[in-house]
Amino acid sequence: MADGTTDILQDKRAAARKAAYETPLEELNPARASLFRDDAMWAIFERLRAESPVHFTPDSNYGPYWSITRYDDIMAVDSNHQVFSSAKGIALSPKAAQGFRDPNNSATNFIAMDPPRHDVQRKTVSPALSPHALSIMAPLIRERAGLILDSLPVGEPFDWVDLVSKELTTMTLATLFAFPFDERRKLTRWSDAMTTPPGFGGGAASLQELRETMAECFGYFTELWNQRVNAEPTGDLISMLAHGEETRNMTMGEFHANVALLIIGGNDTTRNTISGSVLALNQNPDQYAKLRADPGLIPSMVSETIRWQTPLAHM
Ligand code: HEM
């Protein structure tokens, strides 16, 4: 990275820090998406952890909400579903989108459930993502990674996120779903549209376009369900849901909600981890040199990347 860019980033961080400490505590609103876009959220979390680790924001474009910012408190909340249920949803919903939910469709996916319902549905798909299943997929993913890297332009700028991070992620998701391989970029487009507020860039341009995109996605997956339900069970995620004892009688609404969970869960998390690792290694050449000297460090580099650079910028 050029020195000028580093200076600009440092100036921006200093300005963000000043703003975070000058804002009255009760007005701190750490959920604002622009903070994450501008990398300006760090000082807010630092201040909240020190001064108000269980913090209430009475008004925001998501309505009122609580922020928990210390590790032990997060663990306590995350592992106590009796008090902190997931059943009413797991994400703050922007006020602008609150009228968007279809009141006649309360179908939900298993991340937004508590045990025991959560556990039986999760158990249906978890074998596809177990360490054993992933070790079987590893050679294929490695081969694809090699082919992608070999195909990159040499000596000219290119978009790493598009050509590498998105491509490898989408290829892997297509395999997990046994999704038509040539149409795999639909998975990226659908997932991006569902996770990005309309008009914010990178997703749908309007609420209408988002509705149409979701209808296209769920229509496509309904077809896949119908094909898989009438075929012998295979190891892909759709077949597992269509044949699983706890999931085969789910409504199409529930199936669609779980499709959204699976394509979104696997999309930008993995994409951002691939991009973040390359950026971090280039910003820290000593770490890069260490890794090149000992590729045995790669597994710990991967988990460190997830800690270093949150794979979900804002949710
Ligand atoms: C770097 C990669 C990833 C990261 C950092 C990540 C992170 C997370 C986190 C933090 C949760 C919430 C766990 C909880 O509070 O219970 C979660 C849940 C989930 N993720 Fe991922 N994820 C990644 C990749 C994937 C992939 C590739 C898939 C699927 C193809 C996926 C599917 C899911 C599902 C289905 C859930 C809900 C699990 C449940 O409710 O029991 N994730 N993920």
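Model, not experiment: these values are computed from the prediction. All chains use their own residue numbering, which begins from 1 and follows the written sequence. Per-residue local features are limited, in this predicted model, to residues with pLDDT of at least 70; the limit for side-chain atom pairs, both in listing and counting, is 80 or more; totals at the level of whole chains, interfaces and linings are taken over all residues. With hydrogens and water set aside, each side-chain value is computed from the structure's full complement of heavy atoms.

1. Remarks on the overall build of the chain
What the chain contains, in helices and strands, is 13 helices and two strands. Between the two quantities, the radius of gyration covers C-alpha atoms and the globule rule is 2.2 Å times the number of residues to the power 0.38. In terms of overall size, the chain behaves like a compact globule, its C-alpha atoms giving a radius of gyration of 21 Å where 315 residues would be expected to give roughly 20 Å. Principal-axis analysis of the C-alpha atoms places the extent of the chain at approximately 60 × 50 × 40 Å. Relative to its 315 residues, the chain shows a buried fraction of 34%. By the convention used here, residues are in contact when the closest approach between their heavy atoms is within 4.5 Å. In the chain, the proportion of contacts linking residues at least 24 apart, taken out of those at least 6 apart, comes to 57%. Calculation of accessible area relied on Shrake-Rupley with a 1.4 Å probe; when residues are assessed, cover is drawn exclusively from the protein chains displayed. About 18800 Å² of surface is accessible on the chain, with carbon and sulfur atoms providing 58% of the total. The convention is simple: Lys and Arg are positive, Asp and Glu are negative, and His and the chain ends are not counted. Every charge is mapped to an atom, namely NZ of Lys, CZ of Arg, CG of Asp or CD of Glu. Between the averaged position of the 29 positive side-chain charges in the chain and that of its 39 negative side-chain charges there is a distance of 2 Å. Think of it this way: any DSSP run of H or I at least four residues long counts as a helix, any run of E at least two long counts as a strand, and we number them from the N terminus. Throughout, exposure labels follow a simple rule: accessible area from a 1.4 Å probe, protein chains only, divided by the maximum for the residue type, with under 20% read as buried, over 50% as exposed, and the rest as partly exposed.

2. Considerations on the domain arrangement of the chain
Where the parts come together, the accessible area they lose is often given as the size of the interface. Segmentation into domains, and thus their bounds, comes from an automatic or database assignment. Partitioning the chain into domains gives domain 1 (1–80) and domain 2 (107–315). Each partner contributes residues to the interface: domain 1 has six residues there, and domain 2 has four residues. Two parts placed together each lose some accessible area under a 1.4 Å probe, and adding up what both lose gives the buried area. Surface buried jointly by domain 1 and domain 2 totals about 470 Å² across both partners, of which 72% is contributed by carbon and sulfur atoms. Counted as salt bridges are all cases of a side-chain nitrogen of Lys or Arg within 4 Å of a carboxyl oxygen of Asp or Glu. Between the two partners, domain 1 and domain 2, sit zero salt bridges. Polar contacts, as used here, are pairs of N or O atoms within 3.5 Å; protein pairs need one atom able to donate a hydrogen and one able to accept it. Residues neighboring in sequence count only if both atoms are side-chain atoms. Counting across the interface, domain 1 meets domain 2 through zero residue pairs in polar contact (both at pLDDT 80 or more). Ten residues, namely Ala, Val, Leu, Ile, Met, Phe, Trp, Tyr, Cys and Pro, are considered nonpolar, four, namely Asp, Glu, Lys and Arg, are considered charged, and the remaining ones, Gly among them, are considered polar. Of the residues contributing to the side of domain 1 that touches domain 2, the split by class is five nonpolar, no polar and one charged.

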